[in-house]
Every structure is written in C-alpha cells, then in structure tokens.
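Observations on the model geometry
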Amino acid sequence: MPVTPQTAYLAGGCFWGMEELVRQIPGVLSTEVGYTGGATPDARYEQVKTGRTGHAESLKIEFDPKRLSYRHLLFEFFRMHNPTTTNRQGNDVGTQYRSAIFTTSAEQQATAAEVIRTVDASGEWGGKVVTEVTPFKQFWRAEEYHQKYLIKHPDGYTCHSIRHFRLGE
C-alpha cells in the first residue's frame, strides 16, 4: 500500500544550504526552495532579497511519514541552523533569513511547540530559540537557478552544517 507523503515548510536562513542538508535525510522524498510567510503574491527573489515582502527563504519538503516523522525532521532542522539568532544565519541578515516553521495542521503546530521546548531545555545552542511558528499560507517556488543550487554549484556559499547535538529524541 503506497504511503501518502506529508509536507513541511521550514525556513532557516539561506535556502541553498538548508536544501542541500535536508534532501540527504532518509525519508525525504523531494525538496523545493521558495518563499513563504509574507503577503507579497507570486514573490520573486529580486523582491524577497530586499527584506520588505515579509517572506522568508524557505523549503517545501515532501517526506515519507513511515520513514521520517515530522518531529524527527524538526530535530534535524534545529541541528542545521542557529535558531537563537533573530533574522540572521551566518553572514545573511534580514527577515528573509529568519528561523520559522510554517505549520499545515494543529498536529504540526503542537509538535513544533514541543520540539522547541525540548531544544530550549537541551541548552545545546546556549541561547533561547527564537524560531517563529505560524500557520502556513502560501509557498511561491523560487526561480529555477535556485533549485538544487549546491548540486549545480558544489563550491557555492552555505552557512549551514549539521551539529551533533543531543536534542532529546
């Protein structure tokens, strides 16, 4: 019996580095980079990079819930970006680089809140998690040159890496 994929929408800074790490997690079926969280319809990079659209550089993640739980995906998310910096990841600064979880259901909302409490309690990041948790509204797919960017440009810029934190899974 085929499994119905689930979808997650996450933002943790520059979407290039996030996508490269997320696509390697067992159970992830597909990834797309794009823009979400703002009010500007049909957002494009030239608009989003100004920080005035309200959108964050984000990932749309399709995953197999039999192989990867939403909870585990969120723990991986918190290992690959710094959730304690407001509107910043590495050299990237602005609201478009904020840490955010865009939830598609009450269950995702509750799981996100529980995972954030666990990450905060772990003390691994040495600061309080500032990740925004908000209901998902719309995802605007980024331009093709942004998709799988670090596959196309293996030496391209990224400020993301996996930290081997024990986050209470």
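Our subject is the structure that appears above.
The structure contained in this document is the topic of the report that follows. Counting starts from 1 at the beginning of each chain's written sequence and moves along it residue by residue. Since the coordinates come from a predicted model, pLDDT governs what is reported: local features require at least 70, and pairs of side-chain atoms require 80 or more to be given and counted, while whole-chain, interface and lining totals use all residues. Only heavy atoms go into the side-chain values, all of them from the structure, while hydrogens and water stay out.

1. Quick notes on the nonpolar core
Just so we agree on the cut-off: What we call a nonpolar core is a set of buried Ala, Val, Leu, Ile, Met, Phe, Trp, Tyr and Cys residues that are connected through their side-chain atoms within 4.5 Å. Accessible area is worked out with a 1.4 Å probe on protein chains only. A residue is then buried under 20% of its type maximum, exposed over 50%, and partly exposed in between. What counts as a helix is a DSSP run of H or I of at least four residues, what counts as a strand is a run of E of at least two, and both are numbered from the N terminus. Contact between two residues is taken to exist if any of their heavy atoms lie within 4.5 Å; hydrogens are not considered.
By size, the foremost hydrophobic cluster in this structure holds 37 residues, and its most contacted members are I61, L73, F78 and I101. Broken down by element, this core gets its largest block of residues, seven residues, from helix α3 (residues 70-80). With near-sequence residues (within four places) excluded, L73 lies in contact with A8, L10, I25, I61, F63 and L68. Listed in part, the six residues of the second largest apolar core include Y9, A100, F102 and F139.

2. Here's the deal with the sheet that holds strand β2 (residues 28-36)
Hydrogen bonds between backbone groups are what pair the strands of a sheet, and the pairing can be parallel or antiparallel. Inclusion rule: Each pair of strands is called paired provided DSSP finds at least two bridges between the two strands. To obtain an axis, a line is fitted to C-alpha atoms, over the contacting stretch when the element is a helix, and the angle between two such axes runs from 0 to 180 degrees between their N-to-C directions.
What the six strands build is an open sheet, ordered β7-β6-β1-β3-β2-β8; its pairing is mixed. Both edges of this open sheet fall to β7 (132-135) and β8 (139-141), since each of them pairs with a single strand only. Each adjacent strand pair in this sheet contributes to an overall mean axis angle of 35°, direction not counted. Across four bridges, the pairing between strand β6 (residues 99-103) and β7 is parallel. In the sheet register, I101 faces β7, and the bridge partner there is V133. Sheet contacts for helix α1 (residues 15-22): β1 (6-12), β2 and β3 (56-63); angle to β2, the most-contacted strand, approximately 165°.

3. Topic: the packing of aromatic side chains
What counts is decided by this rule: Here is the rule: rings of Phe, Tyr and Trp (six-membered ring for Trp) pair when centre to centre is within 6.5 Å. Planes less than 30 degrees apart are stacked, more than 60 are edge-to-face, and the remainder are tilted.
Applying the stated criterion across every chain yields a total of six aromatic pairs. Taking the centre distance of 3.8 Å and the plane angle of 10° together, the rings of Y9 and F136 count as stacked. With Y9 in strand β1 and F136 in the loop between β7 and β8, this residue pair connects regions lying 127 residues apart in the sequence. Accessibility expressed as a relative area gives 24% for F136, which makes it partly exposed. Note on F63 and Y70: the rings are 6.4 Å apart at their centroids and 25° apart in plane angle, and the pair reads as stacked. Following the ring pairs from residue to residue traces out a cluster consisting of Y9, F136 and F139.

4. Overview of the environment of F78
Along the chain, F78 falls in helix α3. The buried category is assigned to F78, whose relative accessible area is 0%. Taking the C-alpha atoms as reference points, F78 and V22, separated by 56 residues in sequence, lie 11 Å from one another.

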